[in-house]
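Chain and residue survey
Here are the chains, one letter per residue:
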Amino acid sequence: MSSIKFNLQELKITVITGAGISQPSGIPTFRGSNGLWRNYNPQELATPSAFDKNPFLVWEWYYWRINLIQKAQPNPAHTILAQLESQGCNIVILTQNVDDLHERAGSRCVIHLHGEIMKTRCVECGEKNIVLLNIVNSLPKCPLCDGLLRPAVVWFGESLDSTTINTSFERLANTDLLIVAGTSSLVYPVADFPFHAKRLNPNIVILEFNMNKTPISPLTNNTILGPVEETLVNYFKHYEGF
Ligand SMILES: [Zn+2]
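Residues numbered from 1 in each chain as written. Predicted model: local features only at pLDDT ≥ 70, side-chain atom pairs only at ≥ 80, totals over all residues. Heavy atoms only, no water.

**Remarks on the coordination of the zinc ion**
Around a metal, the perfect tetrahedron of four donors has angles of 109.5 degrees, and the perfect octahedron of six donors has angles of 90 or 180 degrees. Distances from the zinc ion to its protein donors, namely Cys122 (SG), Cys125 (SG), Cys142 (SG) and Cys145 (SG), fall within the range 2.3 to 2.4 Å. Considering all four donor atoms around the zinc ion, angles at the metal cover 96 to 117° and the coordination shape is tetrahedral. Counting along the primary sequence, the residues that act as donors to the zinc ion give the motif C-x2-C-x16-C-x2-C. Within this pair, whereas Cys122 is found in strand 4 (residues 115-122), its partner Cys142 is found in the loop between strand 5 (130-131) and strand 6 (149-153), the two being separated by 20 residues in sequence. A relative accessible area of 3% places Cys122 in the buried class. Since its relative accessible area comes to 4%, Cys142 is described here as buried. (Donors = N, O, S within 2.8 Å, 3.2 Å for Na, K, Ca; no water. Tetrahedral: all angles 85-135°; square planar, octahedral: opposite > 155°, others 65-115°. Helix = DSSP H or I, 4+ residues; strand = E, 2+ residues; numbered from the N terminus. Buried < 20%, exposed > 50% of the residue type's maximum accessible area, 1.4 Å probe, protein only.)

Put into structure tokens, the structure is as follows:
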């Protein structure tokens, strides 16, 4: 495997991660056949209209997913990224995943582009960041106004939080090494992030780790194909401290 050698501690590293980094931990992807739940396609459930029509059904699905995530453990791909940070690297993770596996692996600088599955938002008063305490098959209610709570995640047809986008763009403008791991780079606007970073900084080094080539592969300095829990570890284990 050809490697580009860096002094990692001198670089600002940004990592974009997607479902492919959580899949080895047993988290089903929306795109895979194992993403189905009771024969529902996630795209039928992760929408505002599905929630309006049948909030209990949508919550049942989220409880099922939360349960899977709570039982799952971070895999070596999460761990190597956390180790880069603990070795003194300036590293920020922009994840499309709503699980907390990066944090449980030890990463501290994690931006959740699509929200966090363990957080909720009140559909009545708009109160944010209410942590879901009781994982039971019932409709969770807002502690402030008794309104219905919804998962604080970005559903199909919804926009990403503007503050989150702005923070991500500021970081991309200030990145030396961009690692794109476990994402098909098909879901916008995140799919455009590497192009945006390259426009802002033509000298940026972009490395992609994924099972298959993606629309961003022609942009990268190197696309390393294979399971991310192996390729990421193999790539970075050559550096001092690993
Ligand atoms: Zn409320």
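**What to know about the pairing of strand 6**
The element strand 6 is largely enclosed, with a buried count of five among its five residues. Inspection of the sheet shows strand 4 paired to strand 6 by four bridges, in the antiparallel sense. Residue Gly115 lies in a different strand from strand 6, and its bridge partner there is Val153. (Pairing = 2+ DSSP bridges.)

**As for the state of the cysteines**
Scanning the model with the defined rule gives zero disulfides in all. For the unlinked cysteine Cys109, the closest cysteine sulfur is that of Cys89, found at 12 Å. (Disulfide = S-S within 2.5 Å.)

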